[in-house]
Amino acid sequence: AVWVVGALYALIGANALSELGALVPRSGGQYVFVRHALGDYAGFVVGWSDWISTCGTTAAVAIVVGEYSVGLFPAARTQHVVALTVVALFTVVQWIGIRAGGAVQNVTSLAKALALVAFIAVCFWLGTRNPWTLTVVTTDREGSLFVPFILALQSVIYTYDGWSAVIYFSEEVKDFGRSIPRAMLSSVVTIGALYILINLAFLAVVSLPTIAGNNFAAGLVIERLFGNSGASILRGLVILVLLSAVSSNVLMAPRVLFAMANDGLFWRGAREVNRGGTPDIALLTSSLLAASFIVTGTFETVIAILSFFFVANYTLSFVTLFVLRRRQPHAERPYRAWGHPFTTGLALVASVV
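Since we're looking at a predicted model, the values are computed, not measured.

Analysis parameters
Residues numbered from 1 in each chain as written. Predicted model: local features only at pLDDT ≥ 70, side-chain atom pairs only at ≥ 80, totals over all residues. Heavy atoms only, no water. Phe/Tyr/Trp six-rings, centres within 6.5 Å; stacked < 30°, edge-to-face > 60°. Helix = DSSP H or I, 4+ residues; strand = E, 2+ residues; numbered from the N terminus. Buried < 20%, exposed > 50% of the residue type's maximum accessible area, 1.4 Å probe, protein only. 1 Å grid on protein atoms, 1.4 Å probe; cavity = no way out; pocket = protein on both sides within 12 Å on 5 of 7 lines; lining within 4 Å. Points joined across faces, edges and corners; volume = space filled by probe spheres on them. Nonpolar A, V, L, I, M, F, W, Y, C, P; charged D, E, K, R; others polar.

S.K.: Sorry, what's going on with the packing of aromatic side chains here?
M.R.: Remark: the centre distance and the inter-plane angle together describe each pair of aromatic rings, the angle taken between the planes. Scanning the entire structure with this criterion turns up 10 aromatic pairs. Summarising the aromatic geometry, the rings of Tyr-314 and Phe-318 are spaced 6.3 Å apart at their centres and angled 35 degrees between planes, so their arrangement reads as tilted. With a gap of 4 residues between them, Tyr-314 and Phe-318 both fall in helix H12 (residues 299–327), about one helical turn apart. Of the two residues examined, Tyr-314 and Phe-318, each falls in the buried class.

Listed below in structure tokens is the structure:
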């Protein structure tokens with residue numbers, strides 16, 4: 001139920017941002033239309049928090065890739081060296097040009113999707129349980145499960161995040177009026193289906209009480225399927241999945257900085273674009289910040305601080321849709337958010353809660 005509700009929240013959020021992305025088709029993420037509607041101050045807050053948190057996420061995910069790589073390949077030196085190498089390699093690829101960067105992102109995304117689908121198929125093939133079998137989980141908590149449900153939902157909503165990635169590249173998208181909404185809405189549906197199938201796949205192998213309270217259910221499932229050899233399989237799966245995440249964050253962060261530089265909210269030199277179409281100075285600056293987070297180990301602190309702004313960014317984005325509907329009622333809108341203002345209001349309330 002938590003995963004389904006999380007998917008529905010992501011869907012109404014994607015619905016609202018699809019209209020904004022198609023209405024203001026500039027690369028730079030939520031910063032672009034928040035500044036367009038609410039001014040420099042709101043844009044400054046959204047832009048800087050989004051850029052710093054994206055660089056912090058790049059560092060955090062690269063560290064996990066390094067950790068699992070060291071476990072899988074003992075010859076690797078340290079997780080920090082691997083993490084820095086991964087960020088550097090993706091930076092070089094993006095520096096070459098948007099075609100090279102897009103091709104690598106497509107390949108890593110395809111590898112991730114195939115790995116997850118294969119994992120789901122193996123669970124259903126080798127699992128011996130009916131995933132729909134009802135089980136009882138005994139807890140020490142008395143009373144309503146409403147608070148635990150909300151806490152679980154917060155984590156799930158964060159896990160769904162990423163469906164808005166296309167608005168960081170709006171100027172690089174052909175037929176943006178159709179492509180941006182299609183990309184966001186279809187990604188939410190696809191990701192939601194994968195997450196729900198993964199949960200059912202888990203339950204085809206182990207019972208709910210077995211994984212209740214376990215911080216890494218996938219590890220328990222793979223261990224049950226493959227025994228001791230499952231550790232290597234798990235590490236390989238995690239690396240495949242996370243490489244795509246590193247690539248996408250290395251792609252997104254420079255676009256935010258580039259947009260802010262164009263609007264005078266960052267050093268003007270970051271507006272430079274190389275022959276391949278990449279904002280190279282913004283890319284280098286973003287990767288250096290991610291590298292500094294890796295070296296100093298401060299990314300966890302930064303992400304914890306910016307988690308507040310993560311919520312604030314979406315809140316301001318939903319407010320932006322209300323503002324632009326009132327301020328520009330006759331503007332050409334390639335896509336109109338269905339159910340507005342009800343759906344947008346629901347997304348706004350849910351983001352605050």
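Read on, since the account is not over.
S.K.: Could you clarify how one ought to interpret the layout of surface pockets in this entry?
M.R.: A probe as big as a water molecule, rolled over the atoms, marks out the empty space that is left. Counted as a void, the second largest pocket has a volume near 160 Å³. Every residue lining the second largest pocket is listed: Arg-129, Pro-131, Trp-132, Thr-133, Leu-134, Thr-135, Leu-200, Leu-203, Ser-207 and Leu-208. Looking at the lining of the second largest pocket, its residues break down into 6 nonpolar, 3 polar and 1 charged.

S.K.: Just checking my understanding: could you explain the environment of Asn-130 for this structure?
M.R.: Within the secondary structure, Asn-130 is located in the loop between helix H5 (98–126) and helix H6 (146–160). Look at Asn-130 and you get partly exposed, because its relative accessible area is 43%. Taking C-alpha positions, Asn-130 is 7.4 Å from Leu-203, a pair spaced 73 residues apart along the chain.

S.K.: Help me understand empty space enclosed by the protein, please; the structure alone is not making it clear to me.
M.R.: The final tally for this structure, using the stated rule, is 1 cavity of 30 Å³ or more. Considered as a void within the structure, the largest cavity measures approximately 50 Å³ in volume. Only helix H3 (40–72), helix H10 (230–262) and helix H11 (280–296) provide two or more residues apiece to the lining of the largest cavity. Split into classes, the residues belonging to the lining of the largest cavity amount to 7 nonpolar, 4 polar and no charged.

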